[in-house]
Amino acid sequence: MNPANRPEMTQRFEAIYNEAVARKKALNESSQPMIYIGMATCGLAAGALETRQSFEQTLLEEDLAAIIRPVGCIGHCYAEPVVIIDHPSSGFPPLFYQQVTPGKAKMLVKSFLAGGDPLFEHVLGAMKANDMVPQVTDFPRFSQEERIVMGKCGLIDPEDIYDYIAEGGYLSLIKALTLSQDEIIKEIKNSGLRGRGGAGFLTGRKWGLAKDAQGLKKFVICNADEGDPGAYMDRTILESNPHQVLEGMAICAYAVGATEAIAYVRSEYPIAVKRVVTAISQAEELGLFGEGAQGFFDIKFSVFKGSGAFVCGEETALIQSLEGNRGMPRHRPPYPVQKGLNGHPTVINNVKTLASVPAIINKGAQWYRDIGARQSPGTAIFSVVGSVVHPGLVEIPMGVTLETLIFDICGGIPNKKGFKAVQIGGPSGGCLPADFLATPIDFDSLSGAGAMMGSGGMVVMDEDTCMVNVARYFVDFTQKESCGKCTFCRIGTRHLLDILDRITKGEGREGDLEQLESLALAIKAGSLCGLGKTAPNPILTSLRYFRDEYEAHIMEKRCPAGMCRKLTAYYIDLDRCARGCDACVGSCPVEAIFTTKNRKKGIDQSLCVKCGECMAACPQQYDAVRKVSPPDKAPVIERPVEE
Amino acid sequence: MVRLVVNDLEIEAEDGISVLEACLNNGIYIPNLCFINGMSSPPVSCRMCFVEIEGEARPVSSCAVKATDGMKVRTDTEQVRGLQRTAFQLLMSVHDVDCGRCPANKRCPLQRIAVFLKVPLRPGRLEKHLKNPDVDNVHPLIDYYPNRCMLCGKCIFVCREKHGQPRMTFAKRGFETVISFYGEKDLSGPACKECLACIDICPVRAIVTKDQAVE
């Protein structure tokens, strides 16, 4: 944009901003209660659509008026479907309800909206300070978070650009457009922002290289090809607040001199794709983006749907895929900032990186630097899943320890089980045992411990998890997702999988561990791209920290966690089994359970498929089903000969 | 011309060529499978041509590095040989070693590399995996032997050079990756019949004309 047009631009934006504020004010001043329903993929999967229908129907039946606002995801998976009801005339603050089933929705309309009783037993907390209901921010799951990227997620309508603008959205872009390219890049450099895609490269430096690179054309790509098992923060951000990511992309495009911005979203995220497309067209309609003189500066936005290859999250493979080729990584250098899409300089940043940008421009580099750890400023978003009481997305300042995150914020391990390990960084990351719980979460500490920040997947595992099996799972994943281009990754990971397969089946041999180790190190050193280079990490870390478990599998044919089916057996403790109880018999899918002579139960080991159903079915007061490893430890109970 | 030192020997190389090419041109052999002379952006996929270059922390692929003045290269360090031997053993663990009946016998780069690295063609350390069926005869003129192929991609490269849009591609993922033909409906047409460049370039005779299949 021509600097002379800047006053005009500011004026134009002011009009848009005023409109957004006016719309919001009109909503707030209407006497109708507002019902916010979390309708991102996670909410929908938990039944938010049915909940919404129930609200609508009950409102109709009761002849009540209320405004239903679909919002994105607030990140509290354990509480889905999440509903926030703002009913000012009732005298209560906005209330956060968890697990709102259609039945609960009906109750809420009848008692709260019609009768003024907010049903405290279903309230998780209040969204604002008040003297009646404790605030959600008093709970550790909320209080220790610091939300920069996800600040508006779950609170605004992702399909309404005015909602974002009323909350201060796109102000950073307007501010950025009054700065020079170098000023923006300097600000990002000073903020110390590091790429959230995994490796943690300095974003400001990347932008600087792209700006200085020679090219007729430049591109900005948002990498939303999130594929790590158990990681879903990029999806949630795009579904809950796509405009913040677009704003970051626009700032980046202006700073590096790019005229095209592409959001590369995997097609398995249809709602994210839809919302990003909607967001782009809304921003274009308002004249924020557009080619030539249509927008505030010359920029063309588009969305590209990835076709489901994990490897396309690797930036050179992503470019291949955008160019219409098979998604296979190529050798770096040249890096994409020098030679990227169609040979032009290209900045590729992760969703979270770009979503951090508007706040940095708005509040300044120093503000950002003061958050988090020295070498890793800012916040980290983890999807904490597995054996934790409160799974979901957590945005914390860098430097918080694993212990705080898992035990204080996410509530620790359920069912009185012990903590065993945490897997960080998906298939490229590693498993850390309890000794590492004091590790602060930042790029350098995690890689120092043998894991990595990765894109932010975090799987917490309890004592019933077999680490050999976990390593096997991840190698199976990378093996299937390898592009097949280079020798080490294509063939090497298969051999790793072969060995792990054998070990988990009790067919491990002496020398297997040494071979695993040497092969893993060779794959790490010899592979072409990041996928191959990091694929052996789950094996290397579990070998380092849980070697005894591998050895038990190989030497004693025993699975210490009792997870590997070939190495475990179920049996019924006859001293505890209740005469005449048939609970387990009905639960067994393969009719392996028989009645002994004195009307107790036994398991026919030759039929048992080790599903564990009988253990779950056995009434608690008897607790007679036992699991042992190795399987020959199970006492033999003869099936009585049928007469 | 640039001058670089390889294994303590000073050699000359044309400007802009890779370390691999520079060494090969000067009679210094570096095992390689996927590189074709003059390639502007080599696939760097076979992971055989590792060398150590002074100033680099780890072995690098010599086909992907341009030779520069004063560069100091070693092609025979322990680390380099370790990686090459492992890569070769991996390749051989999926290769049907049936040299007697293979048309590539005696001119096969795998045989040469085995001798060079002193690794047997049948390393017993790793489990053998062969694909089934062992031949893909969908193409009207050409047969493809996946258990000979080491996926160097040279066939795709020459096909793209000749026809713009290649008629063959990598297919499937991971361990299952193979070369597969696609494109026009009728592959028996003159384009394929008169070209057959893929057959000429295939170093291990994994792609052969139907009558050439067994020599």
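Remember, predicted model here, so these are calculated numbers, not experimental data.

Residues and numbers for the pairing of strand S7 (residues 260–266) of chain A, please.
Residues and elements named next belong to chain A. Of all seven residues in S7, seven are buried, a share of seventy percent or more. On S7, burial covers both faces: Glu260, Ile262, Tyr264 and Arg266 on one face and Ala261, Ala263 and Val265 on the other are all buried. Of the pairings in the sheet, the one linking strand S6 (residues 219–224) to S7 comprises six bridges and is parallel in character. From the neighbouring strand, Val220 faces S7, where its bridge partner is Ala261. Here seven bridges tie S7 to strand S8 (residues 300–306), and the two strands are oriented parallel to one another. Note that in S8 the partner of Tyr264 across the bridge is Phe304. Read from S7 through helix H12 (residues 270–285) to S8, the crossover connection turns out right-handed.

Run through the interface of chain B and chain A, naming residues and quoting values.
In this assembly, 28 residues from chain B lie in contact with 30 residues from chain A. Contact between chain B and chain A buries roughly 2500 Å² in total, counting both sides, with carbon and sulfur atoms accounting for 58%. Applying the counting rule to chain B against chain A returns one salt bridge. With a shortest N-O distance of 2.7 Å, A:Glu481 and B:Arg173 are connected by a salt bridge. Where chain B packs against chain A, one counts 13 residue pairs in polar contact (both at pLDDT 80 or more). Looking at the side of chain B that touches chain A, the elements with two or more residues in it are helix H2 (78–92) and strand S7 (168–171) of chain B. For the side of chain B that touches chain A, the leading source of residues is H2(B), giving five residues. Classifying every residue of the side of chain B that touches chain A gives 16 nonpolar, six polar and six charged.

So what's going on with the UniProt feature "domain: 4Fe-4S His(Cys)3-ligated-type" (unreviewed entry) in chain B? Which residues, and what values?
What UniProt calls "domain: 4Fe-4S His(Cys)3-ligated-type" (unreviewed entry) maps, in this numbering, to residues 79–118 of chain B. As annotated, residues 79–118 of chain B comprises 57% helix and 0% strand, and the C-alpha atoms at either end are separated by 15 Å.

Can you tell me about the layout of surface pockets, naming the residues and giving the values?
Residue and element names in this part refer to chain A. The volume enclosed by the second largest pocket comes to roughly 740 Å³. Residue lining of the second largest pocket: 27 residues in total, with Ile74, Ile84, Met127, Gly151 and Leu155 positioned closest to the centre. Taken together, the elements giving at least two residues each to the lining of the second largest pocket come down to helix H1 (6–29), strand S1 (34–38), strand S3 (83–86) and helix H6 (161–166). Considering every element that reaches the lining of the second largest pocket, the biggest residue donor is H1, with three residues. Partitioning the lining of the second largest pocket into residue classes produces 14 nonpolar, four polar and nine charged. Composition of the lining of the second largest pocket by domain shows at least three residues from each of domain 1 (31–138) and domain 2 (161–369).

Residue-level account of the domain arrangement of chain B, with values.
Residue and element names in this part refer to chain B. The domain boundaries assigned to chain B delineate domain 1 (2–85) and domain 2 (142–212). When each unit is reduced to the centre of its C-alpha atoms, the spacing between domain 1 and domain 2 is 28 Å. The interface is formed by seven residues belonging to domain 1 together with six residues belonging to domain 2. For the pair domain 1 and domain 2, the two sides together bury roughly 510 Å², of which 74% comes from carbon and sulfur. Of all residues in domain 1, Leu33, Ile36 and Met39 give up the largest surface area on contact with domain 2, accounting jointly for 74% of the area buried on that side. Our count for the contact surface shared by domain 1 and domain 2 stands at zero salt bridges. Between the two partners, domain 1 and domain 2, sit one residue pair in polar contact (both at pLDDT 80 or more). Residue composition of the side of domain 1 that touches domain 2, by class: six nonpolar, one polar and no charged.

Please provide a residue-by-residue account of the pairing of strand S14 (residues 457–462) of chain A, values included.
Residue and element names in this part refer to chain A. Across the six residues of S14, five count as buried, placing the element largely inside the fold. Pairing analysis gives four bridges linking strand S10 (residues 379–386) to S14, with the strands arranged parallel. When the bridges of S14 are listed, Val384 appears paired with Met458.

How would you summarise the environment of A:Val384 if you had to cite specific residues and measurements?
Following the sequence through the fold, A:Val384 ends up in strand S10. Discounting residues that sit within four places of it in the chain, A:Val384 has contacts with A:Pro391, A:Gly392, A:Val394, A:Leu405, A:Cys410, A:Met458 and A:Val460.

Help me get a handle on the packing of helix H3 (residues 48–62) of chain A against helix H4 (residues 102–114) of chain A, residues and values and all.
All names here are of chain A. Following both chains from N to C, one finds H3 and H4 inclined at 40°, their axes separated by 8 Å at the closest point. Viewed along their axes, H3 and H4 form a crossing whose handedness is right-handed. The segment H3 lies against H4, with Glu50, Thr51, Ser54, Phe55, Thr58, Leu59, Glu61 and Glu62 engaging Pro102, Ala105, Lys106, Leu108, Val109, Lys110, Leu113 and Ala114. Of the residues that constitute the contact of H3 with H4, the class distribution is eight nonpolar, three polar and five charged.

Conventions and cut-offs
- Residues numbered from 1 in each chain as written.
- Chains lettered and ligands numbered in written order.
- Predicted model: local features only at pLDDT ≥ 70, side-chain atom pairs only at ≥ 80, totals over all residues.
- Heavy atoms only, no water.
- Buried < 20%, exposed > 50% of the residue type's maximum accessible area, 1.4 Å probe, protein only.
- Helix = DSSP H or I, 4+ residues; strand = E, 2+ residues; numbered from the N terminus.
- Pairing = 2+ DSSP bridges.
- Right-handed = clockwise from strand over helix to strand, strands pointing away.
- Contact = heavy atoms within 4.5 Å.
- Buried area = accessible area lost by both parts, 1.4 Å probe.
- Salt bridge = Lys/Arg side-chain N within 4 Å of Asp/Glu carboxyl O.
- Polar contact = N/O pair within 3.5 Å; in protein donor to acceptor, adjacent residues only side chain to side chain.
- Nonpolar A, V, L, I, M, F, W, Y, C, P; charged D, E, K, R; others polar.
- UniProt positions renumbered as here; feature names shortened; annotations may be inferred.
- 1 Å grid on protein atoms, 1.4 Å probe; cavity = no way out; pocket = protein on both sides within 12 Å on 5 of 7 lines; lining within 4 Å.
- Points joined across faces, edges and corners; volume = space filled by probe spheres on them.
- Domains from an automatic or database assignment.
- Axes fitted to C-alpha atoms, helices over the stretch in contact; angles between N-to-C directions.
- Left-handed = near helix turned anticlockwise from the far one by under 90°.

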